[in-house]
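Chain by chain, the residues:
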Amino acid sequence: MAAQRELYDAIVIGAGIQGCFTAYHLAKHSKKVLLLEQFFLPHSRGSSHGQSRIIRRAYPEDFYTQMMAECYSLWAQLEHEAGTQLYRQTGLLLLGMKENPELKIIQATLSRRGVEHQCLSSEELKQRFPNIRLARGEVGLLEVSGGVLYADKALRALQDAIRQLGGIVHDGEKVVEIKPGLPVTVKTTSRSYQAKSLIITAGPWTNRLLRPLGVELPLQTLRINVCYWQEKVPGSYSVSQAFPCFVGLGLSLAPHHIYGLPSREYPGLMKVCYHHGNNADPEERDCPAAFSDIRDVHILSGFVRDHLPDLQPEPAVMEHCMYTNTPDGHFVLDRHPKYDNIVIGAGFSGHGFKLSPVVGKILYELSMKLTPSYDLTPFRISRFPSLRKAHL
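Residues numbered from 1 in each chain as written. Predicted model: local features only at pLDDT ≥ 70, side-chain atom pairs only at ≥ 80, totals over all residues. Heavy atoms only, no water.

Labelled according to an unreviewed UniProt entry, the protein chain appears under the name Peroxisomal sarcosine oxidase, originating from Bos indicus. One UniProt comment on the protein chain, placed under Cofactor (unreviewed entry), says "FAD". The UniProt entry for the protein chain carries the following text under Sequence similarities (unreviewed entry): "Belongs to the MSOX/MTOX family." (UniProt positions renumbered as here; feature names shortened; annotations may be inferred.)

1. A few points about the packing of helix H1 (residues 17-28) against helix H5 (residues 151-164)
At a minimum axis separation of 9 Å, H1 and H5 run at an interaxial angle of 30°. When the interaxial angle is binned, H1 and H5 end up roughly parallel. Crossing of H1 against H5: the hand is left-handed. Residues Ile17, Cys20, Phe21, Ala23, Tyr24 and Ala27 of H1 pack against Leu155, Leu158, Gln159, Ala161 and Ile162 of H5. Class assignment of the residues belonging to the contact of H1 with H5 gives a composition of 10 nonpolar, 1 polar and no charged. (Axes fitted to C-alpha atoms, helices over the stretch in contact; angles between N-to-C directions. Helix = DSSP H or I, 4+ residues; strand = E, 2+ residues; numbered from the N terminus. Parallel < 35°, antiparallel > 145°, perpendicular 65-115°, else oblique. Left-handed = near helix turned anticlockwise from the far one by under 90°. Contact = heavy atoms within 4.5 Å. Nonpolar A, V, L, I, M, F, W, Y, C, P; charged D, E, K, R; others polar.)

2. Remarks on helix H3 (residues 101-112)
For H3, built from 12 residues, the straight-helix expectation of 16 Å at 1.5 Å per residue is met to within 8% by its first-to-last C-alpha distance of 17 Å. All buried positions along H3 are accounted for by Leu103, Ile106, Thr109 and Leu110. Within H3, the buried residues cover an arc of 125° as seen down the axis, which keeps them to one side. With respect to the buried face of H3, the exposed residues turned more than 90 degrees away are Pro101, Lys104 and Arg112. Looking at the buried positions of H3, the neighbouring elements they touch are helix H2 (62-82), strand E5 (92-97), strand E6 (117-120) and strand E7 (138-143). (Expected span 1.5 Å × (residues − 1). Buried < 20%, exposed > 50% of the residue type's maximum accessible area, 1.4 Å probe, protein only. Arc of directions from axis to C-beta.)

3. Quick word on the sheet that holds strand E3 (residues 52-55)
Here we have 3 strands laid out as an open sheet, ordered E3-E8-E4, and antiparallel in their pairing. Two strands bound the open sheet, and with one partner strand each, they are E3 and strand E4 (87-89). Going from strand to strand, the sheet's axes swing by 30° on average, the running direction of each strand aside. Summarising the sheet, E3 and strand E8 (residues 147-150) pair through 4 bridges and their orientation is antiparallel. Within the sheet, the bridge partner assigned to Ser52 lies in E8 and is Tyr150. Contacting E3 and E8, H5 runs over the sheet at an angle of about 45° to E8. (Pairing = 2+ DSSP bridges.)

This is the structure we're talking about:
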């Protein structure tokens, strides 16, 4: 029984990329940390699985571009420590109409932050990337340092690093109760643990843990179709052909962005996805496709047919992942409004993976009552005025 009453400096709930980086920063600073995961690792139930994610500095919001500068160096540090490649530079191509306001804001942000980029006219795009077909008036913005993160390798490298640094990872242990206090008590399906602080990075399960603690965040959990499209000529959209990652902005048929990564993880298949999905309970994520699922795929098929003529216009493989979205698309990085030793990292809205090295650092700082390295105004819970506080 003595081992069960062991006092940790911090417990992290959820071993996705955000929880792993949080535990990594805690372990790096010689904190006694326990990382809990409800499923057996690795798993594909959340938001961090799969082989690839886009990394970019290109954002309309200056604060993300600023955070990405440190993210790139922390990703490089993890690569060095793990002795394995986690990032491949491909460039990131933003496509949009010349007058698109988001494109103009991103270009201004990159210029202000001194990030290397090139503005490409329709003619220059055709010469550089002949297998992209453009709509009339469409131009490109190429961010040179954009590229691909190898997501599954990154998770494995972090989990290994946490253990090597003396942290403990327990998978297959679902949290069933949190008792606030000093220390905080966390009860799982296996046993109870105590810690000076608790960090919740539970993705689409966040509100299930927060409701009994008197808070419900305005989070929307979405099931996303991850679609792969067959190349008509294998390798034509591959990394080896210097094809970049891309994001299509403000496209007429698509209210949300469309993004793609050069073919690599499945030979001869390119990943092209719609940056939105359908409301879904994470416990029922694998339920039959809703009608709007099919509509999303129709939007993608139209984009592929019109813009990527060397791909077959029907998806060859379709996988799924979860987004947990906030109303404004910005993260929640904050302390619980009543219990200041409970920290919340949530609402990563489908764009958190690349930013996880700095998110983990911020959550570590909040849990240890240190001054945060960044202005957290955009990420505070208090920005949601209608927040229901069930028991506060």
